[in-house]
Amino acid sequence: MIEILILRRENRNAKPYWQRFTYEPQTSDDTLASVLTALNAREDLQDADGNPAAPIRWECSCLQKKCGACAMVIDGRPRLACGARLSEFKKTIRVEPLRKFPVVADLMVDRSVMFQNLKELQLWFESEANGKDKAMPIAYQSSRCLQCGCCLEVCPNFRPDGKFTGMASAVPMTRVLAQIPDTQKKEMTKAYRLHVYEGCGKSLSCRNICPAGLDIDEILLNSNAIAVWKRFL
Ligand code: SF4
Ligand code: SF4
Ligand code: FES
């Protein structure tokens, strides 16, 4: 039997409180996503003390570590609920919503600022991407970003209302920088300097956090080389 301690909030203005649930793992592959699904499937959901409990609000889509929707703080670390196997944890697991975004309810947060940043930085290709051999590995790495926001959670420099847009935009920006023709790089390098390079403290707190397994150091090194030192790939 395991205990799940969940930080709950009815809506963004409501007072948060901890609620404890118990769960009997069904298989050795059970994840936190399986637990949340199973708890919500109970006809009369009750907490560990037998009090009635409202269904737990959280988000998921793929349940395969591919969409980033289920990112939350699990035992103090931002990660994906569908990738968090129960066997990795002690008897009690503490679960909270990501803290850099406004809470919608329970474990659901509003990550629209992250998507708005992508839009404002125009992180898409206007013409066919450049398939230069040297650019491909870094472009491929960057394209694996899930936009989950876990890197923003641990970043001491990211604030949702700040100029620095964090790794969640630096990673797709690296892809665009690596693949647009050199003649189009001027505007993007300007944006990179302003929204990434000048705000990033290079603390690398975001290292080894990415659920997609992206090598943040390498990505940062490459985009700094392209955008700041003008060393094109
Ligand atoms: S290196 Fe530090 S400041 Fe830069 S994005 Fe990562 S955590 Fe944030
Ligand atoms: S870089 Fe990694 S941690 Fe950051 S948003 Fe993309 S997938 Fe999530
Ligand atoms: S539900 Fe898609 S990553 Fe977890």
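Treat the numbers as computed from the prediction; the structure is a model and nothing was measured. Each chain carries its own residue numbering, running from 1 in the written order of its sequence. As they are written, the chains are lettered A onward and the ligands numbered 1 onward, keeping that order. With the structure being a predicted model, the display of local features is reserved for residues of pLDDT at least 70 and the display and counting of side-chain atom pairs for 80 or more, all residues being used for whole-chain, interface and lining totals.

**Details of the domain arrangement of the protein**
(1) Moving on: Residue ranges labeled as domains rest on an automatic or database domain assignment. Segmenting the protein into domains produces domain 1 (2-109) and domain 2 (112-227).
(2) Moving on: For domain 1 and domain 2, the distance between their C-alpha centroids amounts to 29 Å.
(3) Moving on: Contact residues are listed per partner, giving 13 residues for domain 1 and 13 residues for domain 2.
(4) Moving on: Breaking the side of domain 1 that touches domain 2 down by element, the ones donating at least two residues are strand 3 (71-74) and strand 4 (77-80).
(5) Moving on: If you tally residues by element for the side of domain 1 that touches domain 2, the top one is strand 4, at three residues.
(6) Moving on: Grouping the amino acids of the side of domain 1 that touches domain 2 by side-chain chemistry returns seven nonpolar, two polar and four charged. It is the C-beta atoms, placed from the backbone, that decide contacts: two residues are in contact if theirs lie within 7 Å. Helix and strand labels come from DSSP, where a helix needs a run of H or I of at least four residues and a strand needs a run of E of at least two; each type is numbered from the N terminus. Three classes are used: nonpolar for Ala, Val, Leu, Ile, Met, Phe, Trp, Tyr, Cys and Pro, charged for Asp, Glu, Lys and Arg, and polar for all others, with Gly counted as polar.

**Notes on the site of ligand 1**
(1) Moving on: Contact assignment follows one rule, namely that a residue is near a molecule or strand if its backbone-placed C-beta atom lies within 6 Å of it. In the neighbourhood of ligand 1, the contacting residues comprise Cys-155, Asn-157, Phe-158, Gly-166, Met-167, Cys-200, Gly-201, Lys-202, Ser-203, Leu-204, Ser-205 and Cys-206.
(2) Moving on: Residue composition of the shell around ligand 1, by class: six nonpolar, five polar and one charged.

**Some points on the sheet that holds strand 4**
(1) Moving on: Paired strands, as defined in this entry, are two strands with at least two bridges between them according to DSSP. Spatially, 2-1-5-3-4 is the arrangement adopted by the five strands of the open sheet, whose pairing is mixed. This sheet does not close on itself; its edge strands, each paired only once, are strand 2 (17-23) and strand 4. The sheet shows a mean angle of 35 degrees between the axes of neighbouring strands, taken without regard to direction.
(2) Moving on: In terms of strand pairing, strand 3 meets strand 4 through four bridges, oriented antiparallel. Within the sheet, the bridge partner assigned to Val-73 lies in strand 4 and is Pro-78.
(3) Moving on: In this analysis, axes come from line fits to C-alpha atoms, helices being fitted only over the stretch in contact, and the angle between any two N-to-C directions falls in the range 0 to 180 degrees. Against the sheet, helix 1 (residues 32-41) touches strand 1 (2-8), strand 2, strand 3 and strand 5 (92-96), its axis set at about 95 degrees to strand 2.

**Quick word on helix 6 (residues 185-197)**
(1) Moving on: Residue count minus one, scaled by 1.5 Å, sets the expected span of a helix. With 13 residues, helix 6 should cover 18 Å at 1.5 Å per step; its first-to-last C-alpha distance of 15 Å lies more than 12% under that length.
(2) Moving on: In this scheme the burial state of a residue depends on its C-beta neighbours within 10 Å: 20 or more other such atoms mean buried, 12 or fewer mean exposed, and anything in between means partly exposed; the C-beta positions come from the backbone. Ala-191, Tyr-192, His-195 and Val-196 are the residues of helix 6 that are buried. Seen end-on, helix 6 carries its buried residues on one side only, within an arc spanning 110 degrees. In helix 6, the exposed residues that point more than 90 degrees away from the buried face are Lys-186 and Lys-190.
(3) Moving on: Buried-residue contacts for helix 6 involve helix 5 (167-179) and helix 7 (216-227). Here the arc refers to the directions that run from the helix axis out to each C-beta atom.

**Thoughts on unusual backbone geometry**
(1) Moving on: Even without being a glycine, Gln-147 presents a positive backbone phi close to 55 degrees.
(2) Moving on: By the element assignment, Gln-147 lies in the loop between helix 3 (136-143) and helix 4 (150-154).
(3) Moving on: Phi at Lys-202 is positive, roughly 60 degrees, even though this residue is not glycine.
(4) Moving on: Take Lys-202: it is sitting in the loop between helix 6 and helix 7.
(5) Moving on: For Lys-202, a count of 10 C-beta atoms within 10 Å corresponds to the exposed category.

**Digging into the pairing of strand 3**
(1) Moving on: Taking the residues that link successive antiparallel strands as the turn, the strand 3-strand 4 hairpin has two residues, and the phi of Asp-75 there is positive, at about 50 degrees.
(2) Moving on: The pairing of strand 3 with strand 5 spans two bridges and is classified as antiparallel. From the neighbouring strand, Ile-74 faces strand 5, where its bridge partner is Val-95.

**So, the packing of helix 6 against helix 7**
Pairs of packed helices are described in terms of their axes, by the angle between the two and the distance that separates them.
(1) Moving on: Following both chains from N to C, one finds helix 6 and helix 7 inclined at 135 degrees, their axes separated by 9 Å at the closest point. As summarised for this structure, helix 6 and helix 7 are arranged oblique, according to the angle between their axes. Once helix 6 is placed against helix 7, the crossing between them reads as left-handed. Between helix 6, through Thr-189, Tyr-192, Arg-193 and Tyr-197, and helix 7, the contact on the second element is made entirely by Ser-223, Asn-224 and Ala-227.
(2) Moving on: Tallied by class, residues from the contact of helix 6 with helix 7 come to three nonpolar, three polar and one charged. Here is the rule for angles: anything less than 35 degrees is roughly parallel, anything more than 145 is roughly antiparallel, 65 through 115 is roughly perpendicular, and the remaining ranges are oblique. The handedness criterion is simple: a crossing whose near helix is rotated anticlockwise from the far helix by less than a right angle is left-handed, and one whose near helix is rotated clockwise is right-handed.

**A word on the site of ligand 2**
(1) Moving on: In the vicinity of ligand 2 there are 16 residues, among which Cys-145, Cys-148, Cys-151, Ala-168 and Cys-210 approach most closely.
(2) Moving on: Among the elements of the structure, helix 4 and helix 5 are those that each provide at least two residues to the shell around ligand 2.
(3) Moving on: For the shell around ligand 2, the element with the most residues is helix 5, which contributes three residues.
(4) Moving on: Taken together, the residues of the shell around ligand 2 break down into 13 nonpolar, three polar and no charged.

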